[in-house]
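# Structure assessment
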Amino acid sequence: MSLENGTTEPFSVKDCSLVAIATGDKAQNLRELRDGVMKTHPGSVYYHFWAGRLRPAFADPQFHNDFATWCHYALHDDVLAERLAVIDPTDYYTLDLLRQEVVEIIEQRLEEVEHPRWVELDQQFHFIRSQIVVFDTGRKIELPEELPEVVPRISVGSIFYHFVDARRRHPISVDDFRAWLGCPDEPHQELCYLLASVDPYFVTLKELREQLASIFEDYFKGRAL
Amino acid sequence: MTAIQDYAAVAGEDVINHLRQLAAPLQGLKVVHVNSTRLGGGVAEILVKLVPLTKELGLDATWEVIRGGERFYECTKNFHNGLQGKQVPMGDALVQVFESTNAENAEELRRILEEADIVFIHDPQPLPLLKACPNRKGKWIWRCHIDLSHPFRPVWKYLRRFVVDYDASVFSLSDFAQPLPHTLYLIPPSIDPLSEKNMDLPESDVTGIRTKFNVDPDRPMMLQVSRFDRFKDPVGVIRAYRLAKTFAPSLQLVLAGGEATDDPEGDAVLSEVRAEADGDQDAHILMLPPDAHLTINALQRSADIVVQKSIKEGFGLTVTEAMWKGKAVIGGNTGGIRLQVVNHHTGFLVNTPEGAALRIRHLLQRPERAHEMGLKAKELVREDFLITRHVKEYLSLIVALIYGDEERVELEMKPRG
């Protein structure tokens, strides 16, 4: 955040839009799903874990990624669905590590079931990837103290970009707010800790925005006293 | 004319700002949409709004319509059915009409199309235009609104040779996409919440619509709105109505069919439907003109049960429209209906007339459940199936195509002034 001349580089609020792309790869049974996950574009692993965040959640989703959802609704294998659903992608620094975990869980299941099920032709799993289009909103945050006012007003696309997508961009898998604040160093060490404890995976983006707004509000209010 | 700012009230100010920012680097870009009808059918309904909105965002967007004779539409209807899996005749004479009609249209449109930065060709009717524009400078995208998951192979084999030269294709669902040597984008269609077909109506219009068509206002009414097309299974709807009526004798049915100028098969299906209804005084079969948007709006709002029992469906915009009006929908378990009808949440997915009858009885017995599902249905449409989302995805696609097919496209902010 701090430049050598002592000034502060502002935080540019960006927004994003995902464009879904069919890879053409499909799976009709568990073996095909495993093979598909092994060879698919890394962007497809990303899409099936994260793109759901940018889709609406009208009810609490039972399963948090597309692989688990398919295993439940199409394959009717709830054991596998539950094991896949519990994977938290934020635990994996790279998409390849995440991919390996999915493959490992499917292989374990393949060893347990004698006759892996097939699904109807129109219930196949379709591997999808996405292109992300990122654009500048023109909004700048000059000082950390402005965060409580700005964050509640930014779009869910901005929340996705700065808090979810950021983890793919930064070598140490942090969000853009922590990167800008210079975490984990002073002067905002406590705030860094609070942001690090936010789990973006099991909430909607609107809920995530509320959580972040609340953290910024409480933290800077406390410092103002 | 609706202005883009008017959508802020229904979609949110954020969404409109988002569109303006996304459109900023695309100012003045020449975008041309081409299809085969200006009236009737989901494609025309989307374009009639999409084009002016894109224009208002600063792009130079236009909409061209190709023209053809009866034989041309007969041929393209066969293609349409064939792409959806029906075995259809494909005689050399009809194919010749298809190609010569496109060649004639190309003579008129060539200059506009060759100068465009982006050309969207909608559905198979205008597909050969690309080959007729050798000096094209822009990117050409085939926008397929049809369920292409299991095409009749001879039809697809013939049409595919026109599609392969395009820079990209767009499908409504991944299930519909066929392997092609270019990027296959996925964009579901949408509805316009401010159009005559979807805007709020005075209560008197809603109650009055029943009187207009002799539908008893005091008895429950189930409705299907769709073209008289076999894939919409209107005969299956009548069977479901009959089964449900044995348990709910007061039930009435309205089948409201719209005409489309490119659908010559409608009359034959309408005759089958009338034969199946067999003079039932409670089964109302309405043939509505393509511009009967307010009538359809009022019918959807007035319905106690909305059904879309398609056996094949591209997307099913009538489902979206009914959901926007707070109705739980009983939909065929096919195509884009699955994307909208989340089983037991925003409606029910069914596979047979029997399944539909069971769910009709369920919702008639439990109006509070129907209401609750209807509220969820409306929210789902607000978040995901309004035209603002559609415009956003078209803009994103254009950006992606212009700025390269990298996984990540970062647009720079242009200084104002």
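Residues numbered from 1 in each chain as written. Chains lettered and ligands numbered in written order. Predicted model: local features only at pLDDT ≥ 70, side-chain atom pairs only at ≥ 80, totals over all residues.

### With respect to unusual backbone geometry
All names here are of chain B. One non-glycine residue, Asp233, lies in the positive phi region at around 50°. Along the chain, the position of Asp233 falls in the loop between β7 (221-225) and α8 (234-245). One non-glycine residue, His344, lies in positive phi territory at about 75°. Within the secondary structure, His344 sits in the loop between α12 (337-340) and β12 (347-350). (Helix = DSSP H or I, 4+ residues; strand = E, 2+ residues; numbered from the N terminus.)

### What about the domain arrangement of chain A?
All names here are of chain A. Domain assignment breaks chain A into domain 1 (11-15 + 138-224) and domain 2 (17-129). Listed per partner, the contact involves eleven residues of domain 1 and ten residues of domain 2. Looking at which element gives the most residues to the side of domain 1 that touches domain 2, the answer is helix α7 (residues 156-169), with four residues. Here the residues of the side of domain 1 that touches domain 2 are counted per class, giving six nonpolar, three polar and two charged. (Domains from an automatic or database assignment. Contact = placed C-beta atoms within 7 Å. Nonpolar A, V, L, I, M, F, W, Y, C, P; charged D, E, K, R; others polar.)

### Re helix α5 (residues 95-112) of chain A
Residues and elements named next belong to chain A. Counted at 1.5 Å a residue, the expected span for α5 with its 18 residues is 26 Å, and the 26 Å between its end C-alpha atoms agrees. All of the buried residues along α5 are Leu98, Arg99, Val102, Ile105 and Ile106. Viewed along the axis of α5, the buried residues span an arc of 130°, placing them on a single side of the element. Every exposed residue of α5 that faces more than 90 degrees away from the buried side is listed here: Asp96, Leu97, Glu104, Gln108 and Glu111. For α5, the elements touching its buried residues are α1 (30-39), α2 (42-50), α3 (66-73) and α4 (78-85). (Expected span 1.5 Å × (residues − 1). Buried ≥ 20, exposed ≤ 12 C-beta atoms within 10 Å, placed from the backbone. Arc of directions from axis to C-beta.)

### What about the packing of helix α3 (residues 42-56) of chain B against helix α15 (residues 387-402) of chain B?
Residue and element names in this part refer to chain B. At a closest axis distance of 10 Å, the pairing of α3 and α15 adopts a crossing angle of 60°. Compared by their axis directions, α3 and α15 come out oblique. Between α3 and α15 the crossing geometry is right-handed. For the pair formed by α3 and α15, the contact residues are Lys49, Leu50, Leu53 and Thr54 on the first element and Ile387, His390 and Val391 on the second. Grouping the amino acids of the contact of α3 with α15 by side-chain chemistry returns four nonpolar, two polar and one charged. (Axes fitted to C-alpha atoms, helices over the stretch in contact; angles between N-to-C directions. Parallel < 35°, antiparallel > 145°, perpendicular 65-115°, else oblique. Left-handed = near helix turned anticlockwise from the far one by under 90°.)

### Looking at the confidence of the model for chain A
Averaged over all residues, the pLDDT of chain A equals 88, while 92% of them reach at least 70. Mean pLDDT across the elements of chain A bottoms out in helix α10 (residues 205-224) of chain A (90) and peaks in α1(A) (97). (pLDDT = per-residue confidence, 0-100.)

### Section: the sheet that holds strand β3 (residues 118-122) of chain B
Pairing is mixed in the open sheet, where nine strands are placed in the order β2(B)-β1(B)-β3(B)-β4(B)-β5(B)-β6(B)-β1(A)-β2(A)-β13(B). With one partner strand each, in any of the chains shown, β2 (60-65) and β13 (408-410) of chain B form the two edges of the open sheet. Ignoring which end each strand starts from, the neighbouring axes of this sheet average 25° apart. With five bridges joining them, β3(B) and strand β4 (residues 139-144) of chain B adopt parallel strand pairing. The partner of B:Ile118 across the bridge, within β4(B), is B:Lys139. In the packing of helix α5 (residues 92-115) of chain B onto the sheet, contacts are made with β1 (30-35), β2 and β3 of chain B, and the angle to β1(B) comes to roughly 140°. (Pairing = 2+ DSSP bridges.)

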